[in-house]
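Summary of structural features
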Amino acid sequence: MAPPSLDHASILGELQEVRRAGLLRLRGRELPALESAAVSLATARTREVAMEALLRRAVERLDAGTLRTAAEYTLGLAQGTRDWPASSRRARAAEVYRVSEERFRKHHEVMVLGQVAEHIVELVELLKDGGDEPGEGDWEGDTHRFVDVLAGDRTVRLTLHIHPVDLLRDVDVVVSPVNTYFALPEPYKSSVSASLRRAASVRGVTGDLLDDPVHDELRTWAARHGTSGRPVVPGTVAATGSGAMAEYGVRRIYHAAVAVPRAGTNDYDVLPADVTRATSRAIALLAEERDRHTPPLRSVCFPLLGSGRGGLPYRVSAAAVWSAVEAELARGARWEVHFVVRTPEAARVVERIPARTRPGRDQSAPGRSL
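Below or above, wherever it landed, is the structure these notes cover. Note that this is a predicted model, so its numbers are computed, not measured.

About the cut-offs
Residues numbered from 1 in each chain as written. Predicted model: local features only at pLDDT ≥ 70, side-chain atom pairs only at ≥ 80, totals over all residues. Heavy atoms only, no water. Helix = DSSP H or I, 4+ residues; strand = E, 2+ residues; numbered from the N terminus. Buried < 20%, exposed > 50% of the residue type's maximum accessible area, 1.4 Å probe, protein only. Pairing = 2+ DSSP bridges. Right-handed = clockwise from strand over helix to strand, strands pointing away. Contact = heavy atoms within 4.5 Å. Core = buried A, V, L, I, M, F, W, Y, C linked by side-chain atoms within 4.5 Å. 1 Å grid on protein atoms, 1.4 Å probe; cavity = no way out; pocket = protein on both sides within 12 Å on 5 of 7 lines; lining within 4 Å. Points joined across faces, edges and corners; volume = space filled by probe spheres on them. Nonpolar A, V, L, I, M, F, W, Y, C, P; charged D, E, K, R; others polar.

A word on unusual backbone geometry. The amide bond that connects T294 to the next residue, P295, takes the cis arrangement and shows omega of -5°. Structurally, P295 is set in the loop between α9 (272-289) and β9 (299-302). For R98, which is not a glycine, the phi torsion comes out positive at approximately 55°. Mapped onto the fold, R98 is located in the loop between α5 (86-97) and α6 (101-128). For R98, a relative accessible area of 77% puts it in the exposed group. Look at F182: it is not a glycine, yet its phi comes out positive at around 55°. Residue placement: F182 occurs in the loop between β3 (173-179) and α7 (192-200).

Laid out in structure tokens, this is it:
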């Protein structure tokens, strides 16, 4: 039976209690919201084992990196930490973000536990909607799907890619989330913008960097618009070429400034409204540039903007992007719209965009990915 509705605030409050007590001291503690979710989503001999399984499952949904690592230490899920006192776990989690324990307690810890709570609520909602998440095996070998959705009074087909963004093929425009300074991350990082910078670069036979066109073009754009060294308004979009990705049919990269750096930290704030604004601007820019290219631009691909370091839950990002896309499609726009995600969880969220028909596979359609 589906669990009762669970609100984020109650889950967050109980996660804070788990953090204080530790996994070995849960017996006898009143944790009704976590217990309800755990019993519904896990099969275990005891409530404590079920709750630990729930926590691990939610934390595994976090993006790999500082967020997931800090969550594992905070809740005692990291190897060898389940018997650590709360103070030691907090100290190690603070080291992950390279901040003091006090700053971590006031800012990062709330954010980390809030993200875990978001994913617990999402897991419960998935079960209420008629099923659990697909297992990894359900996606094996299936790198793209097609989702028929209702936009206005017509049905349109979205292409869903489940693979790294740098494996996109034959999509005219890729939208890349960046910070409001248009400062690209180093190409060895794992973000969407870093991956696109790396894929667009030109390297010699030994791997030496010969040209970094996306980075250079973005700096030129900032200089031309008088924004070098200062932030732009969130939602601003800058267009550059695609460098070496042009060889694979990707012709333009639209850099959407949605992440606002948080002073004194390595963190960002992302508002759903800014994601929607950036999405609308990207579509408008696509219309402006369409006929400047031969053949004309016709397809655009969106990641779930702000769902990485920005911390937006997948469903919040998808809703923010889709609200702008749907508005354009409902007005009769004929763009080919794509989404690219890395995980089955994110793919499931995109597939749950209001649909007239179930997601389908159409092997006769043009391939868009490797």
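The discussion continues.
For strand β10 (residues 336-341), the tally of buried residues reaches five of six residues, placing the bulk of the element in the interior. The sheet contact formed by strand β2 (residues 154-162) and β10 spans five bridges and is parallel. If you follow L160 over to β10, its bridge partner there is F339. Where β9 and β10 come together, four bridges link them in parallel fashion. Of the residues in β10, the one forming a bridge with V300 is V337. At this point the chain moves from β9, through helix α10 (residues 314-330), to the parallel β10, and the crossover so formed is right-handed.

Mapping V173 onto the fold places it in strand β3. Those residues in contact with V173 that lie beyond four places of it in its chain are R252, Y254, L286, L297, S299, V300 and C301.

Y254, F302 and F339 are the most contacted members of the largest nonpolar core, which totals 45 residues. For this core, the element with the highest residue contribution is α10, accounting for seven residues. If sequence neighbours within four positions are ignored, F302 has contacts with V175, T279, A282, I283, V321, V325, V337, H338, F339 and V340. The next biggest cluster of nonpolar side chains, apart from the first, holds 39 residues, and it includes V59, L77, A117 and V121.

Attention now goes to the pairing of strand β1 (residues 144-151). It is a general feature of regular strands that their side chains alternate between the two faces of the sheet. For β1, the tally of buried residues reaches seven of eight residues, placing the bulk of the element in the interior. Looking at chain direction, β1 and β2 are connected through eight bridges and run antiparallel. Paired with L150 across the strands is T155, a residue of β2. Here β1 hands over to β2 after two residues, with G152 in that stretch at a positive phi of 70°.

Now for empty space enclosed by the protein. On inspection of all chains with the given rule, the structure shows one cavity of 30 Å³ or more. Within this model, the largest cavity holds a volume of roughly 70 Å³. In this structure, the largest cavity is lined by R61, L62, D63, L67, Q115, H119, S307, G308, G311, L312, P313 and Y314. Across the lining of the largest cavity, the residue classes break down as five nonpolar, five polar and two charged.

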